[in-house]
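Remarks on the overall topology
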Amino acid sequence: SQKIEQNSEALNIQEGKTATLTCNYTNYSPAYLQWYRQDPGRGPVFLLLIRENEKEKRKERLKVTFDTTLKQSLFHITASQPADSATYLCARGTGGGNKLTFGTGTQLKVEL
Amino acid sequence: NAGVTQTPKFRVLKTGQSMTLLCAQDMNHEYMYWYRQDPGMGLRLIHYSVGEGTTAKGEVPDGYNVSRLKKQNFLLGLESAAPSQTSVYFCASSYSNNAGELFFGEGSRLTVL
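Here's a quick rundown of the structure. These numbers were taken from a predicted model, which means no experiment stands behind them.

Let's shift gears to the overall build of chain A. Secondary structure summary: chain A contains zero helices and 11 strands in total. Counted from the first residue to the last, chain A has its helices and strands arranged as β-β-β-β-β-β-β-β-β-β-β. Computed over C-alpha atoms, the radius of gyration of chain A comes to 13 Å, within 12% of the 13 Å expected from 2.2 N^0.38 for 112 residues, which places it in the range of a compact globule. In terms of overall dimensions, chain A has a C-alpha envelope of 40 × 30 × 20 Å along the principal axes. The burial tally for chain A puts 45% of its 112 residues in the buried class.

A few words on the interface of chain A and chain B. Each partner contributes residues to the interface: chain A has 20 residues there, and chain B has 23 residues. In this assembly, chain A packs against chain B so that about 1600 Å² is buried in total across both faces, 51% of it on carbon and sulfur atoms. At the junction of chain A and chain B, the tally comes to one salt bridge. Here chain A is connected to chain B by eight residue pairs in polar contact (both at pLDDT 80 or more). Among the secondary structure elements, those contributing two or more residues to the side of chain A that touches chain B are β4 (32-38), β5 (45-51) and β10 (100-102) of chain A. It is β4(A) that provides the largest number of residues to the side of chain A that touches chain B, a total of four residues. Counted by class, the side of chain A that touches chain B contains eight nonpolar, nine polar and three charged residues.

Criteria and thresholds
- Residues numbered from 1 in each chain as written.
- Chains lettered and ligands numbered in written order.
- Predicted model: local features only at pLDDT ≥ 70, side-chain atom pairs only at ≥ 80, totals over all residues.
- Heavy atoms only, no water.
- Helix = DSSP H or I, 4+ residues; strand = E, 2+ residues; numbered from the N terminus.
- Rg over C-alpha atoms; globule rule 2.2 N^0.38 Å.
- Buried < 20%, exposed > 50% of the residue type's maximum accessible area, 1.4 Å probe, protein only.
- Contact = heavy atoms within 4.5 Å.
- Buried area = accessible area lost by both parts, 1.4 Å probe.
- Salt bridge = Lys/Arg side-chain N within 4 Å of Asp/Glu carboxyl O.
- Polar contact = N/O pair within 3.5 Å; in protein donor to acceptor, adjacent residues only side chain to side chain.
- Nonpolar A, V, L, I, M, F, W, Y, C, P; charged D, E, K, R; others polar.

What follows is the structure in structure tokens.
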């Protein structure tokens, strides 16, 4: 099966620093990866998409990379703020119908 | 715009009871999905639909049925609830079959005693 693995340990960083979250996948490279943010008691919200043939995508303070050699995607938040505290989910495309396989997510806590 | 709306938000059932979760989207999306989210398991796809009148099984379909009679609605049914179905259920919709982002509802928390 095609798995997505994210660090289950929470990541604590200081405000202003860059947060880096890791997403590893198994077997063949997915056509694309998506990143979502989820706040407690809420549904996930889409952040970024990166395709297999793209090495890097940026959106404001967010940057995501896709390394098919390492089978890994890195998600960066620069100049982090307490409002960035949430759980971040990585997902891979799985076959037709735009089905996604999600990782368990990594909780980020940004402290003052 | 309401986006994706799920009802009910909370429900407690006894083992063996049946219920239906309703998902409605007002974005005219073709694709709709039902996921469940459990601690340490991540979101797992139950069933999905690629258009009105069509449904298909996802990763964990056993014990659930779905219907998509209208494009804007996607219903998830539990015919005989079991404690293992205690979970938070999320509905999502998408406009594209090609890496389109998923729009999620706020979730429905179901407890089966």
